[in-house]
Amino acid sequence: FLAKRFDVPASDVHVVSKYVGGAFGGKSKVWAATLITCMAAQVAQRPVRLALTREGVYRTVGGRTPTRQRVAIGATRTGQMEALIHQATSRKGRVGGEADQITACSLDLYDATTILAEQKVVELDLMTNTAMRAPGEAQGSFAVESAVDELAIELGLDPVDLRLLNQPLEKSPVHGTRYSHRRLAQTLEQGRDLFGWADRPAPGTRDGKDLVGWGVAAAIHPSWEFVANVQLAVDATGSTTLACAFHEMGMGTATVVGQMVAD
């Protein structure tokens, strides 16, 4: 990107990014500060370092998009979901960026008989948004799971039991594709047992002025696969070196890749 933007050979651009940290967020994009720093270095003909203040980060690096969401769930008295509606409106800037996948979670979280998931995107003259701590599924699953909790109270059902009752087990209820594995039901059951869920405080329990309670929620995140080009070299002493143009975003990639090479 920098080589193309400044019309220099790619071999003349050297990016050192050992540990970015934070995984999702503004670090996954190229923002104005990077371009301005390169421009300043060209003008000054010497190395330039730019450090953003905390406020500067908020004003020059995109964050999570605000959303307006509507969730409606229709269910039988026994808790079987018959309809799940999830509608969202989000924004993006006029330059760059992409819409967060707000309603994507509703395609696979629950096996409702009928599912409607739709999203509208509004372009505004504001800093474009980006994934912040999590992609758009975070905003969407928060809204859906809040509605599921309200449904559990309305029906007088245990929130864990309600979620277990409506799990798609073998294939996506919308796409129809088969899951290679799906262990959310087992995770909910194990968590219920380990946390002593049966002895939790009743909803509305107070400790003085404070409300006290236990909650449960499910979430979803897609599994993406990309092509990777690697170079593996073994010298005469048996030492092994793997070269790959990835950067460590905080999820332990370097450790995992080292384990894979060892295997």
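Described in the following lines is the structure provided in the data block. Predicted model, so just to flag it, every value in this text is computed and none were measured.

1. Quick notes on the overall build of the chain
Helix and strand counts for the chain come out as seven helices and seven strands. Walking the chain from its N terminus toward its C terminus, one meets helices and strands in the order α-α-α-β-β-β-α-α-α-β-β-β-β-α. The globule rule puts the C-alpha radius of gyration for 263 residues at 18 Å, and the 24 Å found for the chain is more than 25% above it. Overall, the C-alpha framework of the chain stretches about 70 × 55 × 45 Å when taken along its three principal axes.

2. Focus: the packing of aromatic side chains
What the rule picks out here adds up to zero aromatic pairs. Positioned over the ring face of F6 is R5, at 5.5 Å from the centre of the ring.

3. A short note on helix α6 (residues 184–195)
With twelve residues, α6 extends 16 Å from end C-alpha to end C-alpha; this agrees with the ideal 16 Å at 1.5 Å per step. The complete set of buried residues in α6 reads L184, A185 and L188. On an axial view of α6, the arc spanned by its buried residues comes to 110°, and they lie on one face. Looking at α6, the residues exposed on the side facing more than 90 degrees away from the buried face are Q190, D193 and L194. On its buried side, α6 packs onto α5 (159–165).

4. A few points about the sheet that holds strand β2 (residues 81–93)
What the three strands build is an open sheet, ordered β1-β2-β3; its pairing is mixed. Two strands lie at the open edges of the sheet, namely β1 (67–75) and β3 (114–124), each paired on one side alone. Taken over all neighbouring pairs, the strand axes of this sheet differ in orientation by 10° on average, direction set aside. Of the strand pairs in this sheet, β1 and β2 are connected by nine bridges, and their pairing is antiparallel. By the bridge assignment, I73 is partnered in β2 with L84.

5. A look at the pattern of salt bridges
Throughout the structure, instances matching the rule amount to nine salt bridges. For E145, the salt bridge goes to R163, with nearest N and O atoms at 2.7 Å. Of this pair, E145 sits in helix α4 (residues 137–155) while R163 is found in helix α5, placing the two residues 18 residues apart along the sequence. Measuring nitrogen to oxygen at the nearest pair gives 3.6 Å for the salt bridge that ties R200 to D158. Taken as a pair, R200 in the loop between α6 and β4 (206–207) and D158 in the loop between α4 and α5 lie far apart in primary sequence, 42 residues in all. When its relative accessible area of 24% is taken as the criterion, R200 is described as partly exposed.

6. Some thoughts on a nonpolar patch on the surface
Judged by side-chain polarity, I36, L50, L52, V57 and Y58 come together as a nonpolar surface patch covering roughly 460 Å² of accessible area. In this fold, I36 is placed in helix α2 (residues 32–44). Residue classification places I36 among the partly exposed residues on the basis of a relative accessible area of 47%.

7. Some thoughts on unusual backbone geometry
Both trends apply: most residues other than glycine have a negative phi, and most peptide bonds are in trans. For D7, which is not glycine, the phi dihedral falls at a positive 55°. Relative to the assigned elements, D7 resides in the loop between α1 (2–6) and α2.

The rules we used
Each residue is numbered by its place in its chain's sequence as written, counting from 1. In view of the model being predicted, local features appear only for residues whose pLDDT reaches at least 70, and side-chain atom pairs are presented and counted only at 80 or more, with totals across whole chains, interfaces and linings using the full set of residues. Side-chain numbers here rest on the full set of heavy atoms in the structure, without hydrogens or water. Put simply, DSSP H or I for four residues or longer makes a helix, DSSP E for two residues or longer makes a strand, and each gets a number counted from the N terminus. The size measure is the radius of gyration over C-alpha atoms, and the globule rule it meets is 2.2 Å times the number of residues to the 0.38 power. Centre distance within 6.5 Å is the pairing criterion for rings of Phe, Tyr and Trp, where only the six-membered ring of Trp is used; planes under 30 degrees apart are then read as stacked, over 60 as edge-to-face, and the remainder as tilted. Two thresholds decide whether a charge sits over a ring: the Lys NZ or Arg CZ must be within 6 Å of the ring centre and within 35 degrees of the ring normal. A helix's residues, less one, multiplied by 1.5 Å, set its expected span. Note on classification: 1.4 Å probe, protein chains only; a residue is buried when its accessible area is under 20% of the maximum for its type, exposed when over 50%, partly exposed between these limits. The directions from the helix axis to the C-beta atoms are what the arc is built from. Only heavy atoms matter for contacts: two residues are in contact if any of them lie within 4.5 Å across the pair. The rule for pairing is simple: two strands pair if DSSP sees at least two bridges between them. Fitted lines through C-alpha atoms give the axes, limited to the stretch in contact for helices. The angle between two N-to-C directions lies from 0 to 180 degrees. The rule for a salt bridge is simple: a side-chain nitrogen of Lys or Arg has to be within 4 Å of a carboxyl oxygen of Asp or Glu. Patches here: salt-bridge-free residues with over 30% relative accessible area, like charges joined within 9 Å, nonpolar side chains (Val, Leu, Ile, Met, Phe, Trp, Tyr) joined within 5 Å. Areas reported here follow the Shrake-Rupley algorithm with a probe of radius 1.4 Å; residue values treat only the protein chains shown as occluding.

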